[in-house]
Structure formats: C-alpha cells, structure tokens
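Below, each chain spelled out in residue letters.
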Amino acid sequence: QVQLVESGGGLVQAGGSLRLFCVASGRTFSNYGMGWFRQAPGKEREFVATISSGGSTLYRESVKGRFTVSRDNAKNTVYLQMNSLKPEDTAVYYCVTWSRGSYVNTEAYNYWGQGTQVTVSS
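Keep in mind the model is a prediction, meaning the values are calculated, not measured.

(A) Representation of the pattern of salt bridges within the structure. Taken as a whole and assessed by the stated rule, the structure comprises 5 salt bridges. Between Arg-60 and Glu-46 there is a salt bridge; the shortest N-O distance is 3.6 Å. Separated by 14 residues along the polypeptide, Arg-60 in the loop between β6 (57–59) and β7 (67–72) and Glu-46 in strand β5 (residues 46–51) bring together distant segments of the chain. By relative accessible area, Arg-60 is classed as partly exposed at 24%. Residue Glu-46 is classed as partly exposed on the basis of its relative accessible area, which comes to 26%. Note that Asp-89 and Arg-66 form a salt bridge whose closest N and O atoms lie 2.8 Å from each other. One end of the pair, Asp-89, is in the loop between β8 (77–82) and β9 (91–98); the other, Arg-66, is in the loop between β6 and β7, and 23 residues separate them in sequence.

The structure is reproduced here in structure tokens:
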C-alpha cells in the first residue's frame, strides 16, 4: 500500500509563489513516475505535471514556464514549485503515482494523496 502526503498549500496573492511537497511511503519510490493533478470547484480534475523515474518531465500548457516538478529519491519526495501564480491556479492539488497509460489521464495513476488547497487571490 502506498501513502502520499501533500503539504505546502496556502493562500497567496497573484504573482506569488508556493512550493508543494509530497512524501511517499510504502514502495520503492525511485522506480515510479510521479505527478500532480488539480481540481477547482465545479471542475474536473486536470493534469498539471509529471516526472518519470528517470527525471523526464511533462507539463500542461497553461503552467509551462511557471511550474517546475522535481523529485528527491533519497527523501521519497516530489515537489511542485509554482511561480507567477494566477487566480485560475486556485484548486486542490493532488500528488499521484503513475501506473500505466497516458500521463495526462487520471486513469494512468493508481495512488492519490488527500490533496492540499492552493488559493490565489487577485
């Protein structure tokens, strides 16, 4: 059983920055791709970013150049550095582990954290 615990969310003004953390336990962390999804009120969950076991990254178009996903295998931790935040980035952010399939689909991920709230004020 894999457990994912996110932290680092909060309230920030537009243009500000936040860094999200996700600590994983229960499996060999370094062997698996990790990712971040988000869900805004009244909207479906959407892909944000992913990082493979080898360190390759992929981002949704709207966060490219502003968000950076990284990982520290020694600490079983994946990070999401979010800069130049916009009100439309407001959502609950979820850490996920990749299982199989397309990186941008929720079905490709088999474990999800409880989520951390990010609120960006205008």
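Text resumes after the structure shown.
(B) Quick look at the sheet that holds strand β1 (residues 3–7). Strand order across the open sheet formed by 4 strands is β1-β3-β8-β7, with antiparallel pairing between neighbours. Two strands lie at the open edges of the sheet, namely β1 and β7, each paired on one side alone. Adjacent strand axes in the sheet meet at a mean angle of 15 degrees when their direction is disregarded. Sheet analysis places β7 next to β8, joined by 6 bridges and oriented antiparallel. Bridging across to β8, Val-69 finds its partner in Leu-80.

(C) Here's a closer look at a nonpolar patch on the surface. There is a patch of nonpolar side chains on the surface, built from Leu-58, Tyr-103 and Val-104 and spanning about 230 Å² of accessible area. Within the secondary structure, Leu-58 is located in strand β6.

(D) Fine view of the state of the cysteines. In total, this model carries 1 disulfide according to the counting rule given. Sulfur-sulfur distance for the disulfide between Cys-22 and Cys-95 comes to 2.1 Å. One disulfide, between Cys-22 and Cys-95, carries an S-S torsion of -80 degrees and so falls in the left-handed class. Remark: Cys-95 occurs in strand β9 and Cys-22 occurs in strand β3 (residues 18–25); sequence separation between them is 73 residues. According to the relative accessible area criterion, Cys-22 is buried, its value standing at 0%.

(E) Representation of the nonpolar core within the structure. Core analysis: the largest hydrophobic core is formed by 27 residues, its most contacted members being Trp-36, Val-78, Leu-80, Met-82 and Tyr-93. Every element with two or more residues in this core is listed here: β3, β4 (34–39), β5, β7, β8, β9 and β11 (116–121). A total of 4 residues in this core trace back to one element, the largest contributor, which is β3. Core analysis: the second largest hydrophobic core is formed by 5 residues, Phe-37, Phe-47, Ala-108 and Tyr-109 among them.

(F) Quick peek at the packing of aromatic side chains. The full count for this structure, using the stated rule, is 6 aromatic pairs. Ring geometry for Phe-21 against Tyr-79: centres 5.5 Å apart, planes inclined by 75 degrees, an arrangement best described as edge-to-face. Here Tyr-79 lies in strand β8 and Phe-21 lies in strand β3, a separation of 58 residues in the sequence. Residue classification places Phe-21 among the partly exposed residues on the basis of a relative accessible area of 30%. Owing to a relative accessible area of 10%, Tyr-79 belongs among the buried residues under this scheme. Look at Phe-37 and Phe-47: their rings are 5.8 Å apart centre to centre, the planes differ by 75 degrees, and that puts the pair in the edge-to-face class.

Thresholds applied
- Residues numbered from 1 in each chain as written.
- Predicted model: local features only at pLDDT ≥ 70, side-chain atom pairs only at ≥ 80, totals over all residues.
- Heavy atoms only, no water.
- Salt bridge = Lys/Arg side-chain N within 4 Å of Asp/Glu carboxyl O.
- Helix = DSSP H or I, 4+ residues; strand = E, 2+ residues; numbered from the N terminus.
- Buried < 20%, exposed > 50% of the residue type's maximum accessible area, 1.4 Å probe, protein only.
- Pairing = 2+ DSSP bridges.
- Axes fitted to C-alpha atoms, helices over the stretch in contact; angles between N-to-C directions.
- Patch = residues over 30% accessible without salt bridge, like charges linked within 9 Å, V, L, I, M, F, W, Y side chains within 5 Å.
- Areas by Shrake-Rupley, 256 points an atom, 1.4 Å probe, with all protein chains shown as cover.
- Disulfide = S-S within 2.5 Å.
- Core = buried A, V, L, I, M, F, W, Y, C linked by side-chain atoms within 4.5 Å.
- Phe/Tyr/Trp six-rings, centres within 6.5 Å; stacked < 30°, edge-to-face > 60°.

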